[in-house]
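What the coordinates show
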Amino acid sequence: MYTQALNSSDGEDRHVEDAARAAQFQARIDAEERIEPNDWMPPAYRKTLTRQISQHAHSEIVGMLPEGNWITRAPSLRRKAALLAKVQDECGHGLYLYAAAETLGSSREELVDAMLAGKAKYSSIFNYPTLTWADIGTIGWLVDGAAIMNQIPLCRCSYGPYARAMIRVCKEESFHQRQGFEIMLTLCRGTDEQKAMAQDALNRWWWPVLMMFGPPDQASQHSDTSTKWKIKRFSNDELRQKFVDATVPQAQFLGLTIPDPAMKQNEAGNWEYSAIDWEEFKQVLAGNGPCNRDRMAARRKAHEDGAWVREAAMAYAAKRRQRAALQAAE
Amino acid sequence: MTAANITVSETPLVLYTLRRADDALILGHRLSEWCGRAPMLEEDMALANTGLDLLGQARELYSYAAKVEGRGNDEDKFAYLRDVRQYRNLLLLEQPNGDFARTIVRQFFYATFADLYWRAMMRSTDPTLAAIAAKSEKESAYHVRHSSEWIIRLGDGTEESHRRAQVAIDELWAFTGEMFSVDDSERGLIDAGIAVDPAPLRPPWLKTISGVVDEATLVLPNNDWMQQGGRSGRHSEHLGHLLSELQSMQRSFPGSTW
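Residues numbered from 1 in each chain as written. Chains lettered and ligands numbered in written order. Predicted model: local features only at pLDDT ≥ 70, side-chain atom pairs only at ≥ 80, totals over all residues. Heavy atoms only, no water.

As annotated in an unreviewed UniProt entry, chain B is Phenylacetate-CoA oxygenase subunit PaaC from Bradyrhizobium archetypum.

As annotated in an unreviewed UniProt entry, chain A is 1,2-phenylacetyl-CoA epoxidase subunit A from Bradyrhizobium archetypum.

Below, the structure is given as structure tokens:
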């Protein structure tokens, strides 16, 4: 309250002051300085980051569901323990990211409520189903692989808490990625049935994974300001190309076929892929993917079923405070 | 084609080890069912963490049982290729999760027992069992703390949480007696200083349970009828469903490596 009063200035003055601050802010960004929670920042910067970090947090939490679908059916005790630990890591990433978003002034409750109300988005990839055990390998190999491509540049993002969160998240994600690849390798060296299972999973996940990098550069809404603010350092298409180039030799090593018969390597060494079906992306984003409704229903159910537990914890904490106050007064 | 059950030669030490392994696996599996569904993210992590501890205990115990048995079985064969009648876990641990209160009460009853049990087992004349116990005791000490704190919060929280916690205690109480029972097969191992005699653990168990339940403004039932059967493979109907899910891959794709 007091600081607000001290900082207040009227009309014309404030515009001049804000313009000066914005210039100063941009100069700091250009000099690769980190912006910290108590620093001044343009409201649009705050808004963009809150949106991006909370979407990222929601994605981690919703992302627990497709993989959680296989914890109780994992084919060996070693795989079961690894998968449970992996999904637990994702929950930890979600918590960590909500905490980073909170440094921008929105509470976890507000952010979660926006997601449950369908007002905030999460990564569309989690609206696809995990039908076989090979899907768990493919998610680790490709979905986590694509996430790492996206997130490694974010370790140098201009906003300090997000950049630091990403360093830790990326370390764990690359462990998950190797684990996923190892599941695929085991399947590909297994029986014909297992190999077919791996190929089928790749066929279903390949195109949705390419969509994870977002719309093509010409159509991306947020890129320009995000680039200026050094939240984003590479374009969607650049990251997508990098991912494809890294993945093709891995698929070859596994003996799997990428479901894009027209794909070819150009003179520069890049793998040129066929046109992506952006209509499918639009439909999934609009809520019409195979699992959008199931995912939201599962999150809402967990939230609603847990309401009485959260209330009990609050009530108990309040009672304890009251008792402590009474004791202190005696 | 489906994979057939394995046969196990249940010498007293194999049986004894499998019983503890099955306890840890079945409760760990139940806790893993919570993943993505807990009342808050912190609890999602805590329940997964506890589940992982238990899975780790199960794997060590199964591996030891396999070694003692020496007939080519391994942790996965024990877990995935035995049917309901071959499972040896306590009835308490296969009970469905129910609501959060029920899961916590089940955890609280078992962890309080397990902590005393592992502590006693650290003195086993069998060095492998003593080593597994030393590691497990550290884990169960945390499980006791986590579940007792929740018993108190739920019991002394709101009217609804109090009611749910009391219902869970009343419904699960009859499964607690089995933790302290001993059959002839275990008696010999107890006499040899290999196995733990659970009977003397009941008074300290009851003391801890009563203290926490009392602080939570809850009550223990007067009913002292106790259900038995898990140790000899006479289970509730719930276990078969748990196993059909747990074992589905190994049963559908016999002999594959994953």
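Turning our attention to the overall build of chain A. Regarding its fold elements, chain A presents 14 helices and two strands. Projected onto the principal axes, the alpha-carbon positions of chain A cover approximately 75 × 55 × 35 Å. For chain A, the residues scored as buried account for 49% of the 330 residues in total. Accessible surface, chain A: about 16,100 Å² in total, of which carbon and sulfur atoms supply 54%. Treating the 41 positive side-chain charges of chain A as one cloud and the 42 negative ones as another, the clouds have centres 5 Å apart. (Helix = DSSP H or I, 4+ residues; strand = E, 2+ residues; numbered from the N terminus. Buried < 20%, exposed > 50% of the residue type's maximum accessible area, 1.4 Å probe, protein only. Areas by Shrake-Rupley, 256 points an atom, 1.4 Å probe, with all protein chains shown as cover. Lys, Arg positive; Asp, Glu negative; His and termini not counted. Charge placed at Lys NZ, Arg CZ, Asp CG, Glu CD.)

Residue position: E186 of chain B is located in helix α8 (residues 184–191). Setting aside anything within four residues of it in sequence, one finds E186 of chain B in contact with Y16, R19, R20 and A195 of chain B. (Contact = heavy atoms within 4.5 Å.)

Attention shifts here to the packing of aromatic side chains. All names here are of chain A. Tallied over the full model, the rule gives 24 aromatic pairs over all chains. On the basis of an interplanar angle of 25° and a centroid distance of 6.4 Å, the ring pair of W206 and F243 is categorised as stacked. Separated by 37 residues along the polypeptide, W206 in helix α9 (residues 192–211) and F243 in helix α11 (residues 236–254) bring together distant segments of the chain. For W206, a relative accessible area of 0% corresponds to the buried category. Given a relative accessible area of 3%, F243 falls into the buried group. (Phe/Tyr/Trp six-rings, centres within 6.5 Å; stacked < 30°, edge-to-face > 60°.)

Let us look at the environment of L91 of chain B. All names here are of chain B. Position of L91 among the secondary structure elements: in helix α4 (residues 91–94). Overall, L91 belongs to the buried group, its relative accessible area being 5%. Distance in space between the C-alpha atoms of L91 and A174 is 9.8 Å, their sequence separation being 83 residues. Each residue touching L91, except ones within four places of it in the same chain, is listed here: F175, E178, Q227, Q228, G229, G230, R234, H235 and S236.

Listed by partner, the interface residues are 44 residues for chain A and 48 residues for chain B. The contact between chain A and chain B buries some 4,000 Å² in all, and 69% of this surface belongs to carbon and sulfur atoms. It is L77, Q88 and W308 of chain A in chain A that bury the most area against chain B; as a group they hold 20% of the surface buried on that side. Linking chain A to chain B there are three salt bridges. A salt bridge links D156 of chain B to K319 of chain A; the nearest nitrogen and oxygen atoms lie 3.2 Å apart. At the surface where chain A touches chain B, the tally comes to 17 residue pairs in polar contact (both at pLDDT 80 or more). Counting residues per element, the ones that place at least two in the side of chain A that touches chain B are α4 (64–68), α5 (77–102), α8 (160–188), α9, α13 (292–305) and α14 (307–329) of chain A. Of all the elements, α5 of chain A adds the most residues to the side of chain A that touches chain B, at 13 residues. Partitioning the side of chain A that touches chain B into residue classes produces 25 nonpolar, eight polar and eleven charged. (Buried area = accessible area lost by both parts, 1.4 Å probe. Salt bridge = Lys/Arg side-chain N within 4 Å of Asp/Glu carboxyl O. Polar contact = N/O pair within 3.5 Å; in protein donor to acceptor, adjacent residues only side chain to side chain. Nonpolar A, V, L, I, M, F, W, Y, C, P; charged D, E, K, R; others polar.)

Here we come to α9 of chain A. Its 20 residues place the ends of α9 of chain A 30 Å apart at the C-alpha level, agreeing with the 28 Å of an ideal helix rising 1.5 Å per residue. By the largest-angle criterion, W205 of chain A marks the main kink of α9 of chain A, which is about 40°, and a proline, P208 of chain A, follows within four residues. (Expected span 1.5 Å × (residues − 1). Bend = angle between axes of the 7 residues up to and from the residue.)

Residues other than glycine predominantly adopt negative phi, and peptide bonds predominantly adopt the trans conformation. The backbone of K230 of chain A shows a phi angle near 55°, a positive value even though the residue is not glycine. By the secondary structure assignment, K230 of chain A is in the loop between α10 (223–228) and α11. One non-glycine residue, T217 of chain B, adopts positive backbone phi at about 60°. Along the chain, T217 of chain B turns up in the loop between α9 (202–215) and α10 (238–246).

All names here are of chain B. At their nearest, the axes of helix α1 (residues 12–32) and helix α5 (residues 100–121) sit 12 Å apart, and the two run at 150° to each other. Judged by the inter-axis angle, α1 sits roughly antiparallel to α5. Relative to α5, α1 is oriented so that their crossing is left-handed. Side by side, α1 and α5 meet where Y16, R20, D23, L27, R30 and L31 of the first sit next to T103, R106, Q107, Y110, Y117, W118 and M121 of the second. Partitioning the contact of α1 with α5 into residue classes produces seven nonpolar, two polar and four charged. (Axes fitted to C-alpha atoms, helices over the stretch in contact; angles between N-to-C directions. Parallel < 35°, antiparallel > 145°, perpendicular 65-115°, else oblique. Left-handed = near helix turned anticlockwise from the far one by under 90°.)

It is worth spelling out the nonpolar core at this point. In terms of nonpolar packing, the biggest core is built from 178 residues, with Y45, W133, Y159 and W206 of chain A together with Y62, F109 and Y110 of chain B touching the most fellow members. Looking at this core, the element that brings in the most residues is α5 of chain B, giving 14 residues. (Core = buried A, V, L, I, M, F, W, Y, C linked by side-chain atoms within 4.5 Å.)

Next up on the list: the confidence of the model for chain B. In the predicted model, chain B carries a mean pLDDT of 97, and 99% of its residues have values of at least 70. Two numbers describe this predicted complex: its pTM, 0.95, and its ipTM, 0.97. (pLDDT = per-residue confidence, 0-100.)

To continue, consider a negative patch on the surface. Residue and element names in this part refer to chain A. On the surface, a cluster of negative charge is contributed by E102, E109, E110 and D113. The leading source of residues in the negative patch is helix α6 (residues 108–116), at three residues. Within the secondary structure, E110 is located in helix α6. Owing to a relative accessible area of 48%, E110 belongs among the partly exposed residues under this scheme. (Patch = residues over 30% accessible without salt bridge, like charges linked within 9 Å, V, L, I, M, F, W, Y side chains within 5 Å.)

Once that is clear, we can look at the state of the cysteines. Enumeration according to the criterion identifies zero disulfides over all chains in this entry. Not engaged in a disulfide, the cysteine C170 of chain A finds its nearest cysteine sulfur in C155 of chain A; these two sulfurs lie 3.9 Å apart. The closest cysteine sulfur to the non-disulfide-bonded C35 of chain B is located on C91 of chain A, 7.5 Å from its own sulfur. (Disulfide = S-S within 2.5 Å.)

Once that is clear, we can look at the environment of E186 of chain B. Residues and elements named next belong to chain B. Classification of E186 by relative accessible area gives buried; the value is 2%. The sequence separation of E186 and L13 amounts to 173 residues, and the corresponding C-alpha distance is 8.2 Å. Within the structure, E186 has its side chain in polar contact with the side chain of R19 (distance 2.7 Å).

All told, the structure shown has 37 salt bridges over all chains when counted by the stated rule. Taking the shortest distance from any N to any O, the salt bridge between E10 of chain B and R88 of chain B comes out at 2.9 Å. With a gap of 78 residues between them, E10 of chain B in the segment before α1 and R88 of chain B in the loop between α3 (75–80) and α4 connect regions that are remote in the sequence. One continuous salt-bridge network, built from bridges that share partners, spans E67, K86, E90 and D144 of chain A.

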